[in-house]
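Notes for the structure review
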Amino acid sequence: MKAPPLRLLEDIDEPGLHLLEVYERRGGYSSLRKALTELDQDEVLQRISDSEIRGRGGAGFPMGMKAGFVPKGDMDKYLICNADESEPGAFKDRVLIQKNPHLLVEGCIIGARAIGANQAFIYIRGEYAHQADILERAVAEAYTAGYLGKDILEIGFDLELVVHRGAGAYICGEEMALLDSLEGKRGNPRLKPPFPANAGVYQGPTLLNNVETLCNVPLIVGLGAEEFRKLGTEQSIGTKVVSVSGNVQRPGNYEVPMGTTVREIIYDLAGGPPEGREIKCFFPGGSSAPVLTGDEGLDLRYDFETMAQAGSMLGSGSMIVVDDSQPLVPLALRLAEFYRHESCGKCVPCREGTNWTVKMLERIDSGEATPMDFELLVQVQTNILGNCLCVLGDSMAMPVGSMLAKFRHEFERHAAEARARNEGALVEQSAPELAAAPSIGPA
Amino acid sequence: MADRDGQANGSVRAEHPLVADRLVGLDHQIASGKPSVAAGWDLPADLDKDPAVIPQLADVRVPPELLAEIEYRMSLYPDPRSAVLPALKIAQRHHGYLSTLAMLQVAAVMKVTPAYLSSIASFYDMLNEEPLGRHYIYVCTSVSCHLSNAKRIYDAIVEAAEKLDLGDTDIRAFECLGACDMQPMASVDGRYVGPLKPSDAPEIVLALREGRVPLPGRGLDDPDHMPAGAGDPPPQDEAK
Ligand SMILES: Cc1cc2nc3c(=O)[nH]c(=O)nc-3n(C[C@H](O)[C@H](O)[C@H](O)COP(=O)(O)O)c2cc1C
Ligand code: FES
């Protein structure tokens, strides 16, 4: 495979890229100049729409369309960058923020200009303390250089940008919960509609986008929509930074044009599974995506439409690879425990469903499961799907449900083996002489 | 919490046969260290008690630097209430944890009730209402790290901390810290280190105890640790 062209990660290893001076030397903030001095507000928005870029935060909604929903006219509007990145397996935003914070700042300013917002926030997860420090330094530099604040580039456009740090809650990455959290409340998702474009933070029209989505904005303005669209597939434009982790030899972030095959990403870039191992299954879009088996998925193209057709999703674009030495029951249990811990507790199907899923998986793991548990486990997953204010519960139900559907035999065997071990231990304890008899001893 | 329990025990409500029965049950659960619900959750509200009030700034002594920092944060937002998280974090850093006094101080500055702050603090993992230690080691045991045997790293660190008598440190198995490229990994006071082996545990603990930077050269931000897009292979486990 020839080296794919890079866009977001092109300069990433340039020493000091996080400093304004180096960033500007590499052509940084020229897109902002263009957007503010050569184009008017509607043209900026048009360019974003024409690029057909889809959101990189999970749902894949076209950014231009979302920005277009924001009402025009003079009112308090807001731009929010979602940098909460807390889904297991995702670490692309971290690298973008840490290595190239000015690209994000530039993207936020252009995005805010497109909708006419005068206040922007970057909501970054609390654990990214070091990255938030870097980002804050970049924001301060941008203020000093006159890219933020009052009368930016003397065109009469004002923008304040605040870096807001979370405090450890995955749910705050969900856009409606993020709004509440940003307003100083518990991070409980709100009922939609109204959507943020109409009534977001402080009830004002709000455009909310992921870090990677906003990082693409300066490129769209700089290259022009037509050039930007040259990479990717028809419905998935541009490149994608893919976080590959799990059982691969070179975990890391790899930028590829959308539509690159999964095999190229996992084998050519990430080095494939450890020596002598095969891929049992993988999560194509972070821990919330239904798993695909190696046979099903390796030769598929990695883009929004192909992953959806295959019954999974591209999501945030994080691949977690599971090799054939890994038992799936403990993995499913870890996954379910994560969602149980992170469920905000507002909707019953999610709060109770994640809890019971953990309990049943624990029983399967320890050999105490009854045959009914398997059916019930499937049912619980089905009953979570689509029944909550947000999709946190679905994010557990989809991968756990898909593991059960595709590897049911492994779950049953795991439970049976654990049960046999328990019974063997019991016999050994209470009647050692029987345990010595080969027919009933521990399996 | 303590005063709430004490009050419940001495009150008329506690003497009601049904209530008293339940309290016995609760005591037992608490003694076993595992209350399934917060004590007193099913008691009727005490209507004689004053509703929670917003403490007045004049009545609470707030250290000037704390006051200044919180007020600065509040000034950044169109609605000052947005500064709740930053304010609680500032107070937590100042006091080591969100003690009753810390909550009272933030409440007085932000003009909210301490109960409101408590509802926030109990929601977010990084805010602690109990003293858990001034330092922390969050060992990631989430999906990707789990796939490279993170539980063994966690166990090794807990064991080393016990053996080497490491105090004042909150050691936790944590969910994905967003650094799966260095799996299995941990965050030591915010510094990400990895990929880890169980044998790294004593060094991490010793360094923390002696105030050194643990595992120099293996932190995420150390020079040349890990160029983007080309992580090191995770350590192959000796014994799977
Ligand atoms: C439980 C949950 C967690 C989420 N976490 C994040 C996150 O950490 N970062 C992110 O960008 N989007 C996250 N999302 C998706 C957001 O709700 C939203 O769709 C996205 O930020 C929109 O940005 P985009 O259009 O640029 O993708 C999450 C969604 C859910 C349901
Ligand atoms: S799973 Fe451990 S850092 Fe992501």
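About the cut-offs
- Residues numbered from 1 in each chain as written.
- Chains lettered and ligands numbered in written order.
- Predicted model: local features only at pLDDT ≥ 70, side-chain atom pairs only at ≥ 80, totals over all residues.
- Heavy atoms only, no water.
- Buried < 20%, exposed > 50% of the residue type's maximum accessible area, 1.4 Å probe, protein only.
- Helix = DSSP H or I, 4+ residues; strand = E, 2+ residues; numbered from the N terminus.
- Pairing = 2+ DSSP bridges.
- Axes fitted to C-alpha atoms, helices over the stretch in contact; angles between N-to-C directions.
- Parallel < 35°, antiparallel > 145°, perpendicular 65-115°, else oblique.
- Contact = heavy atoms within 4.5 Å.
- Nonpolar A, V, L, I, M, F, W, Y, C, P; charged D, E, K, R; others polar.
- Patch = residues over 30% accessible without salt bridge, like charges linked within 9 Å, V, L, I, M, F, W, Y side chains within 5 Å.
- Areas by Shrake-Rupley, 256 points an atom, 1.4 Å probe, with all protein chains shown as cover.
- Salt bridge = Lys/Arg side-chain N within 4 Å of Asp/Glu carboxyl O.
- Polar contact = N/O pair within 3.5 Å; in protein donor to acceptor, adjacent residues only side chain to side chain.
- Domains from an automatic or database assignment.
- Buried area = accessible area lost by both parts, 1.4 Å probe.
- Lys, Arg positive; Asp, Glu negative; His and termini not counted.
- Phe/Tyr/Trp six-rings, centres within 6.5 Å; stacked < 30°, edge-to-face > 60°.
- Lys NZ or Arg CZ within 6 Å of the ring centre and 35° of its normal.

Turning next to the pairing of strand 5 (residues 206–210) of chain A. Where a strand is regular, its side chains alternate between the two sheet faces. Residue and element names in this part refer to chain A. Summarising burial for strand 5: five of the five residues are buried, a large majority. Burial along strand 5 is two-sided: Thr 206, Leu 208 and Asn 210 facing one way and Leu 207 and Asn 209 facing the other are all buried. Where strand 1 (residues 78–83) and strand 5 come together, five bridges link them in parallel fashion. Bridge pairing in strand 5 links Cys 81 to Asn 209.

Residues and elements named next belong to chain A. Their axes nearest at 9 Å, the elements helix 5 (residues 92–99) and helix 9 (residues 211–223) cross at an angle of 45°. Here helix 5 is positioned oblique relative to helix 9, judged by the angle of their axes. Mapping the contact onto sequence places Lys 92, Asp 93, Leu 96 and Ile 97 in helix 5 and Val 211, Glu 212 and Cys 215 in helix 9. Class assignment of the residues belonging to the contact of helix 5 with helix 9 gives a composition of four nonpolar, no polar and three charged.

Residues and elements named next belong to chain A. Taken together, the side chains of Phe 61, Met 65 and Phe 69 make up a nonpolar region of the molecular surface, amounting to roughly 290 Å² of accessible area. Along the polypeptide, Met 65 turns up in helix 4 (residues 63–69). Using a relative accessible area of 45% as the deciding quantity, one classes Met 65 as partly exposed.

Residues and elements named next belong to chain B. Spatially, the four strands line up as an open sheet ordered 2-1-3-4, and their pairing is mixed. Taken across any chain shown, the strands that pair with only one partner, and hence form the sheet edges, are strand 2 (169–174) and strand 4 (191–193). Each neighbouring strand pair of the sheet contributes to a mean axis angle of 20°, computed without reference to strand direction. Pairing of strand 3 (residues 186–188) with strand 4 involves three bridges; the strand directions are antiparallel. Counted as the bridge partner of Ala 186 is Val 193 from strand 4. Contacts between helix 10 (residues 201–210) and the sheet are confined to strand 1 (135–140), strand 2 and strand 3, with strand 1 contributing the most and set at about 160° to the helix.

A few words now on the environment of Tyr 202 of chain A. Its location among the elements puts Tyr 202 of chain A in the loop between helix 8 (175–182) and strand 5. Assessed through its relative accessible area of 19%, Tyr 202 of chain A is described here as buried. When the C-alpha positions of Tyr 202 of chain A and Gly 311 of chain A are compared, they lie 37 Å apart, and in sequence the two are 109 residues distant. Separated by 2.4 Å, the side chains of Tyr 202 of chain A and Ser 82 of chain B make a polar contact.

All names here are of chain A. Domain boundaries in chain A define domain 1 (20–228), domain 2 (244–323) and domain 3 (328–417). Between domain 1 and domain 3, the C-alpha centre-to-centre distance is 35 Å. Carbon and sulfur atoms make up 70% of the surface buried where domain 1 meets domain 3, a total of about 900 Å² over both sides. The largest per-residue losses of area from domain 1 upon contact with domain 3 belong to Tyr 170, Ile 171 and Pro 189, which jointly make up 52% of the total buried on that side. Put simply, domain 1 and domain 3 have zero salt bridges between them. Linking domain 1 with domain 3 are two residue pairs in polar contact (both at pLDDT 80 or more), by the criterion used here. Its residues assigned to classes, the side of domain 1 that touches domain 3 shows six nonpolar, three polar and three charged.

Residue and element names in this part refer to chain A. Among the secondary structure elements, Asp 303 is positioned in the loop between helix 12 (294–297) and helix 13 (304–309). Here Asp 303 occupies a buried position and makes no salt bridge, while the nearest side chain of opposite charge, Arg 301, is found at 5.9 Å. In contact with Asp 303, other than residues within four places in its own chain, are Thr 233, Ser 236, Met 258, Gly 259 and Leu 314.

Quick look at the packing of aromatic side chains now. Applying the stated criterion across every chain, the model contains 13 aromatic pairs over all chains. When the centroid spacing of 6.5 Å and the interplanar angle of 25° are considered together, the rings of Tyr 78 of chain A and Phe 121 of chain A count as stacked. Of this pair, Tyr 78 of chain A sits in strand 1 while Phe 121 of chain A sits in strand 2 (residues 119–124); the two residues are 43 residues apart in sequence, bridging distant segments of the chain. Judged by relative accessible area, Tyr 78 of chain A falls into the buried class, the value being 6%. Judged by its relative accessible area of 0%, Phe 121 of chain A falls in the buried class. For the pair Tyr 138 of chain B and Phe 174 of chain B, a centre-to-centre distance of 4.1 Å together with 10° between the ring planes defines the contact as stacked. With Tyr 138 of chain B in strand 1 and Phe 174 of chain B in strand 2, this pair connects stretches of sequence that are 36 residues apart. Judged by its relative accessible area of 4%, Tyr 138 of chain B falls in the buried class. Classification of Phe 174 of chain B by relative accessible area gives buried; the value is 5%. A cation sits over an aromatic face here: Arg 125 of chain A above Tyr 128 of chain A, 5.3 Å from the ring centre. Directly above the aromatic system of Tyr 116 of chain B lies the positively charged group of Arg 81 of chain B, at a separation of 4.8 Å from the ring centroid.

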